[in-house]
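# Per-entry structural report
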Amino acid sequence: MRPIRVRIGVLGLALVAGLAAPTAATAAPEAGGAAPAPTVEERRLDGELPREILRRSGFAAVAPAFARGLGRADSYREARRVVEREGAALWRRAVDRVQGRGPARGDLSRDDDRPLYWARLGMTRELRTWEPGFGLSERQRAALLTELERTSRGQTDLRLPRGHRDWHGKGVKRVLLTGFDPFTLDRDIRISNPSGAVALALDGTVIDTADGPARVETAVFPVRWADFAEGTVERALRPYLPRVDLFTTVSQGRVGRFDVERTNGAWRGGFPDNDNVSRTETVPVADPASQPQWTTTTLPYAAITAADTGRFPVYDNTSVTEIPAGGDEPVVRPDGPTPGSTAREGGGGNYLSNEIAYRATLLRDRLGLHGTLPGGHVHTPVLQFGAGNTDPATGALTDPEFVRNRLDIVAQTRAIVGVAVSTAGADRD
């Protein structure tokens, strides 16, 4: 996930429809009080194309059914049970659809990640604007929204296999992989994020590698600065990093290529997120006094880039942008940062893909796992529509080339993970 400058010529401009009245399933606010307003991200649901995605995937009834369940809750405890159950059910439904279990319930190809994204937003909007008769404090509503986000993103469904052995044994290796929501939706609301598609396609699957089978567990993350500042990455990953054999964060990057990002920087570059919020600052983390300017991948990048994993070239990206020690202007360094420099861009830029890579690898290091746990970030190619379908104002929601590109990116990411597991395992023999 890189700033929009790398996407010039790929994305056009799209108009997002204005606000519509709340759905009939949304409970009315209590007398004398106004319901909280939907977010910028949630208001995009009122456009025709998001509604079409939901109709053509069979996910249109998800949010109304969730609202009815909330309406039957007569206490905060019961509401929390509804949120936990329905959030987890949405994640499993999305995974099952992508992986071919059960009916497709619509003509969108099964590999599509967009139904999960838009259905989740429908649920969060219902919950955000819900005013139950028993009363709901701001803190309670925030807790319910957090739980809905976690369960519907697979963050509470990371099921690592039992009976695992270490790299020297013959047991099943354990891999943790993360993806992202679609983003830059005001430029093209049809956008899909191949990293989210990868997460749905690989969740719970086993990859046969030269070093034995590897079980992959996945989760997806929002494209919002605030969630990252509040620690969503660390909360989700901290319990699992000591228990896995390899991890990789994945996001959409450059046109026509994969990149294994060698270095991650502690800087937010300000590009607007899915709520149209900008942040330009040092990446906010716990214990900032010990915060490094840079973290590095421990993925086996040389083996990954040398392997034949698919039709897209794969690069070992070593470039960063820094302010050198004693300097005051940013300088591009093709071979990585120099001693004492201040980060302005990691190899993956200074948007949320760089930040998730920075946070995950910093967490690895703070847990004392730098020398034992392979982990880092992989950027996929930009997911492009077909040549005649590039205008978001008049183009189709999907096309054969769009589907082929997404399937090829998913398959190649799977192959990259297989190479990484095999090589990292061999390195420890």
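Each remark here, short or long, concerns the structure printed above.
What comes next is a walk through the structure. (Residues numbered from 1 in each chain as written. Predicted model: local features only at pLDDT ≥ 70, side-chain atom pairs only at ≥ 80, totals over all residues. Heavy atoms only, no water.)

## Digging into helix H4 (residues 76-98)
It helps to recall that an α-helix has 3.6 residues per turn; residues three or four apart then point in one direction. Compared with an ideal rise of 1.5 Å per residue, which puts 23 residues at 33 Å, H4 spans 33 Å between its outermost C-alpha atoms and is within 8% of the ideal. Listed as buried for H4 are Ala79, Val82, Val83, Gly87, Leu90, Trp91, Ala94, Val95, Arg97 and Val98. Where H4 is buried, its residues meet helix H3 (62-72), helix H5 (114-128), helix H6 (138-152), helix H7 (194-202) and strand E3 (212-221). (Helix = DSSP H or I, 4+ residues; strand = E, 2+ residues; numbered from the N terminus. Expected span 1.5 Å × (residues − 1). Buried < 20%, exposed > 50% of the residue type's maximum accessible area, 1.4 Å probe, protein only. Contact = heavy atoms within 4.5 Å.)

## Section: the environment of Ser290
Assignment of secondary structure puts Ser290 in the loop between strand E8 (280-282) and strand E9 (294-296). Judged by relative accessible area, which is 41%, Ser290 ranks as partly exposed. The spacing of Ser290 and Arg366 is 76 residues in sequence and 9.9 Å in space, taken between C-alpha atoms.

## Quick notes on the nonpolar core
By size, the foremost hydrophobic cluster in this structure holds 64 residues, and its most contacted members are Phe66, Trp118, Leu127, Trp130, Leu177 and Ile304. Ranked by residue count, the leading element in this core is helix H12 (residues 400-427), at nine residues. Of all hydrophobic cores here, the second largest spans 25 residues; its members include Ala219, Phe271, Tyr351 and Leu363. (Core = buried A, V, L, I, M, F, W, Y, C linked by side-chain atoms within 4.5 Å.)

## Digging into the sheet that holds E3
Sheet strands pair via backbone hydrogen bonds, and the direction of the pair is either parallel or antiparallel. Here we have seven strands laid out as an open sheet, ordered E2-E3-E1-E4-E14-E5-E10, and mixed in their pairing. Of all strands in the sheet, those with a lone pairing partner are strand E2 (206-209) and strand E10 (314-317), marking the two edges. Geometrically, the sheet is characterised by an average inter-axis angle of 25° between neighbouring strands, direction not taken into account. Looking at chain direction, E2 and E3 are connected through four bridges and run antiparallel. (Pairing = 2+ DSSP bridges. Axes fitted to C-alpha atoms, helices over the stretch in contact; angles between N-to-C directions.)

## Details of the pairing of strand E1 (residues 173-180)
Most of E1 sits out of view: eight of its eight residues are buried. Burial of the side chains of E1 extends over both faces: Lys173, Val175, Leu177 and Gly179 are buried on one face and Arg174, Leu176, Thr178 and Phe180 on the other. Judged from the eight bridges that link them, E1 and E3 form a sheet pairing that is parallel. In the sheet register, Lys173 faces E3, and the bridge partner there is Ala214. Looking at chain direction, E1 and strand E4 (residues 246-252) are connected through four bridges and run parallel. Residue pairing across strands places Leu176 opposite Phe247, the latter belonging to E4.

## As for the pattern of salt bridges
Throughout the structure, instances matching the rule amount to 42 salt bridges. Of the charged contacts, one joins Arg224 and Glu41 as a salt bridge, the two residues approaching to 2.7 Å between their closest N and O atoms. Of this pair, Arg224 sits in the loop between E3 and helix H8 (225-229) while Glu41 is found in helix H1 (residues 40-43), placing the two residues 183 residues apart along the sequence. Residue Arg224 is classed as buried on the basis of its relative accessible area, which comes to 9%. What makes Glu41 buried here is its relative accessible area of 1%. Taken together, the salt bridges that share partners define one network made up of Glu41, Arg120, Glu149, Arg153, Asp181, Arg224 and Asp227. (Salt bridge = Lys/Arg side-chain N within 4 Å of Asp/Glu carboxyl O.)

## Observations regarding unusual backbone geometry
In the Ramachandran plot, Thr184 falls in the positive-phi region, its phi being about 55° despite a non-glycine side chain. Tracing the backbone shows Thr184 in the loop between E1 and H7.

## Overview of the sheet that holds strand E11 (residues 320-323)
Within the open sheet, the three strands sit side by side as E12-E11-E13. Their pairing is antiparallel. Looking at strand neighbours, the two that pair on one side only are strand E12 (331-333) and strand E13 (342-345), the edges of this open sheet. In this sheet, neighbouring strand axes are inclined to one another by 40° on average, regardless of whether the strands run parallel or antiparallel. By the bridge criterion, three bridges tie E11 to E13 in an arrangement that is antiparallel. Directly across from Thr321, in E13, lies its bridge partner Glu345.

## A short note on the packing of H4 against H6
The relative placement of two packed helices is expressed as an angle between their axes plus a distance between the axes. Direction vectors running N to C along H4 and H6 enclose 20°, while the axes themselves pass 7 Å from each other. Judged by the inter-axis angle, H4 sits roughly parallel to H6. Crossing of H4 over H6 shows right-handed handedness. Residues Tyr76, Ala79, Arg80, Val83, Glu84, Gly87, Ala88, Leu90 and Trp91 of H4 lie in contact with H6, whose contacting residues are Gln140, Ala143, Leu144, Glu147, Leu148, Thr151 and Ser152. Across the contact of H4 with H6, the residue classes tally to nine nonpolar, four polar and three charged. (Parallel < 35°, antiparallel > 145°, perpendicular 65-115°, else oblique. Left-handed = near helix turned anticlockwise from the far one by under 90°. Nonpolar A, V, L, I, M, F, W, Y, C, P; charged D, E, K, R; others polar.)

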